[in-house]
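Spelled out from the first residue to the last, the chains are:
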Amino acid sequence: MRLLALYAIATLIALALETTIPYWLPIGMLAPNLVLILAVDLGMKHHGALGAMMAFAMGYAIDSFSGTHLGLNAFMLTLIYLIAYALSRYLISTSTAIGVVVVFIGAILTGLANSIGSAGLDVGPGTAGLMPRLALQGAISALFTPLVFAIMGWGKRMVGLRTRSVRE
Amino acid sequence: MRGTFLWRHRVVLTSGFLLLLALHLLSAGVTPGARAEKPSLALMWMLKPVQTVEANIADDTTGFLHDYFDLVNVRQENVELREQVATLEGQRTRLAELEVENRHLSDLLELRDALATRAVAARVIGADTTELSRTLILSEGSRGGLRRDLPVISTAGVVGKLIAVAPNASRVLLINDHNSGLDAFDQRSRARGIVAGLFNGALTMKYVDRTEDVKPGDAVVTSGMDGIFPRGLLVGQVTRVSQEGPGLFLNVDIQPAANFQKLEQVLILTQQPTEIAPNPKG
């Protein structure tokens, strides 16, 4: 329950930041995908059915504020949760470095999925330079990963949760 | 329970089920009032107060920050002068900001009167979480009489249409989103086409017959044929016309009349006017 409350609050804060700051500041693709970082944190450190459901809910929450396809980000965040879970389980590690790599790849995959969701496979004039932009956003998100992981670790300690991998 | 197949593979099984559920949501699409949309609207309702507070804070700082980003190369040269001006004219800036806001609101009121229709004014409080989709979050919702598919305009021109409406907030799909499309025509030549967004946020007019006389500088206005936007609203201005390849249609690039990055207040038309006499101010 504490885990659920902590991630719910963190997701709401992340969403509030993601929906307002990029609009008021001209930073465009430089905005990190904070909710994705939370899903990776969850996947690496909380191995249970609840974690998967929370990742799905986080994706659904993004869908509420993004794009026109309800379910797209829910799918992607569940998938990225699963990737993070599998990596941390088989590498027997919850290292931040692995998290950084998963966030980088996850941000690019999510961006690609959103692009396909938005434009289909139509390669029009507007798609030029998409990959570098996605890679840039992936890199920015990856840069923020250690900070978000640290904040979540602090939050978990504050509410009395274990900060390493938890198997419910 | 522990040690059984289901327990050992619970993460993969749960994730698999949720992935299928997400695919189902995606493939089914969401119709207005569908159960799948309700939690999403509840989230919009929950986040609105936070977004409003953030928007208020941003309002106070956004002018400075936009200036910073726009003039980053010359900022060093002007920094001392700016500090002086900021100190001496702090109060005047605040008053000027109020004046601008008042002007926006009175422009909206004038526009509403000109449209001779019922309309609700709303404030922009947020944007899409990704750069790849183009939606804005507005401060009014179903309590203010809004519903899905209502047209949203600004004093400059057409903005978009509502795609999700929570009790106290709503989301508007901008006309430059790739999923957006509206029926419009060239005001001078009367050539009709569909104005759609491109992936990079630019606007184009599709399906304009290559025999049509469309020229750069022409105003593009809504035709009213799509059943959403009333006839005669300014969409934008033609910037480039080309005929590439053996296709049947012209490539028409349009500069939108509204500046989506700087929108602060918008008007949502809650009743379809018969026809707009004057174009919105552009």
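Shown above is the structure to which this text applies.
Residues numbered from 1 in each chain as written. Chains lettered and ligands numbered in written order. Predicted model: local features only at pLDDT ≥ 70, side-chain atom pairs only at ≥ 80, totals over all residues. Heavy atoms only, no water.

Focus: the overall build of chain B
- A tally of helices and strands in chain B yields five helices and 12 strands.
- The 282 residues of chain B split such that 44% are buried. (Helix = DSSP H or I, 4+ residues; strand = E, 2+ residues; numbered from the N terminus. Buried < 20%, exposed > 50% of the residue type's maximum accessible area, 1.4 Å probe, protein only.)

Looking at the environment of Leu50(A)
Residues and elements named next belong to chain A.
- The topology assignment puts Leu 50 in helix 3 (residues 49-65).
- Leu 50 sits in the partly exposed class, given a relative accessible area of 28%.
- A sequence separation of 46 residues divides Leu 50 from Leu 4, and the C-alpha atoms of the two residues are 8.2 Å apart.

Section: the pattern of salt bridges
All names here are of chain B.
- In total, this model carries eight salt bridges over all chains according to the counting rule given.
- Residues Asp 128 and Arg 171 are paired through a salt bridge, measuring 3.8 Å at the closest nitrogen-oxygen approach. A residue pair is termed long-range when its members are at least 10 positions apart, and Asp 128 in the loop between strand 1 (119-127) and strand 2 (135-138) and Arg 171 in strand 5 (residues 170-174) qualify at 43 residues.
- Judged by relative accessible area, which is 6%, Asp 128 ranks as buried.
- The partner of Arg 188 in a salt bridge is Asp 218, and the shortest N-O contact between them spans 3.0 Å. (Salt bridge = Lys/Arg side-chain N within 4 Å of Asp/Glu carboxyl O.)

Describing the side chain of Thr11(A)
Residue and element names in this part refer to chain A.
- By the element assignment, Thr 11 lies in helix 1 (residues 2-24).
- Overall, the relative accessible area of 8% leaves Thr 11 in the buried class.
- Excluding its chain neighbours within four sequence positions, the residues that come into contact with Thr 11 are Val 35, Leu 38 and Met 58. (Contact = heavy atoms within 4.5 Å.)

Let's talk about the interface of chain A and chain B
- Contact residues are listed per partner, giving 56 residues for chain A and 59 residues for chain B.
- Counting each side, the surface lost to burial between chain A and chain B is near 5000 Å², with a carbon and sulfur contribution of 68%.
- Of all residues in chain A, the largest losses of buried area upon contact with chain B belong to Tyr23(A), Trp24(A) and Phe65(A), amounting jointly to 19% of the total for that side.
- Along the contact surface separating chain A from chain B lie zero salt bridges.
- The interface formed by chain A and chain B holds four residue pairs in polar contact (both at pLDDT 80 or more) in total.
- Here the side of chain A that touches chain B takes 11 residues from helix 1 of chain A, the largest share from any one element. (Buried area = accessible area lost by both parts, 1.4 Å probe. Polar contact = N/O pair within 3.5 Å; in protein donor to acceptor, adjacent residues only side chain to side chain.)

What about the pairing of strand 11 (residues 249-256) of chain B?
All names here are of chain B.
- Across five bridges, strand 8 (residues 203-209) lies against strand 11 in antiparallel orientation. Along strand 11, the bridge assignment pairs Val 208 with Leu 250.
- Where strand 10 (residues 234-242) lies against strand 11, six bridges are found, and the strand directions are antiparallel. Each bridged residue has a counterpart across the sheet, and for Gln 237 the counterpart in strand 11 is Gln 255. (Pairing = 2+ DSSP bridges.)

Observations concerning the packing of helix 1 of chain A against helix 3 of chain A
Residues and elements named next belong to chain A.
- Contact geometry for helix 1 and helix 3: axes closest at 11 Å, N-to-C directions at 20°. With respect to helix 3, the axis of helix 1 lies roughly parallel. Where helix 1 crosses over helix 3, the handedness of that crossing is right-handed. In this structure, helix 1 contributes Leu 3, Leu 4, Tyr 7, Thr 11, Leu 15 and Thr 19 to the contact, and helix 3 contributes Leu 50, Met 54, Met 58, Ala 61, Ile 62 and Phe 65.
- Broken down by class, the residue content of the contact of helix 1 with helix 3 amounts to 10 nonpolar, two polar and no charged. (Axes fitted to C-alpha atoms, helices over the stretch in contact; angles between N-to-C directions. Parallel < 35°, antiparallel > 145°, perpendicular 65-115°, else oblique. Left-handed = near helix turned anticlockwise from the far one by under 90°. Nonpolar A, V, L, I, M, F, W, Y, C, P; charged D, E, K, R; others polar.)

Things to note about the sheet that holds strand 11 of chain B
Residues and elements named next belong to chain B.
- The strand order around the closed barrel built from six strands is 6-7-8-11-10-9, with neighbouring strands paired in antiparallel fashion. Between one strand axis and the next, the sheet turns by 40° as a mean value, whatever way the strands run.
- Inspection of the sheet shows strand 7 (residues 192-197) paired to strand 8 by four bridges, in the antiparallel sense. By the bridge assignment, Gly 197 is partnered in strand 8 with Leu 203.

A look at the sheet that holds strand 12 (residues 265-269) of chain B
All names here are of chain B.
- Ordered by their spatial adjacency, six strands build a closed barrel running 1-2-5-4-3-12, and the pairing between neighbours is antiparallel. Each neighbouring strand pair of the sheet contributes to a mean axis angle of 45°, computed without reference to strand direction.
- Across five bridges, strand 1 lies against strand 12 in antiparallel orientation. The residue of strand 12 that forms the bridge with Ala 121 is Leu 267.

A short note on the packing of aromatic side chains
- All chains considered together, the criterion is met by one aromatic pair over all chains.
- When the centroid spacing of 5.5 Å and the interplanar angle of 80° are considered together, the rings of Tyr207(B) and Phe249(B) count as edge-to-face. Here Phe249(B) lies in strand 11 and Tyr207(B) lies in strand 8, a separation of 42 residues in the sequence.
- Overall, Phe249(B) belongs to the partly exposed group, its relative accessible area being 38%.
- Stacked on the ring of Phe149(A), the Lys or Arg Lys45(A) has its end atom at 4.1 Å from the ring centre.
- Above the plane of the ring of Trp7(B) lies Arg10(B), whose end atom (NZ or CZ) is 4.2 Å from the centre. (Phe/Tyr/Trp six-rings, centres within 6.5 Å; stacked < 30°, edge-to-face > 60°. Lys NZ or Arg CZ within 6 Å of the ring centre and 35° of its normal.)

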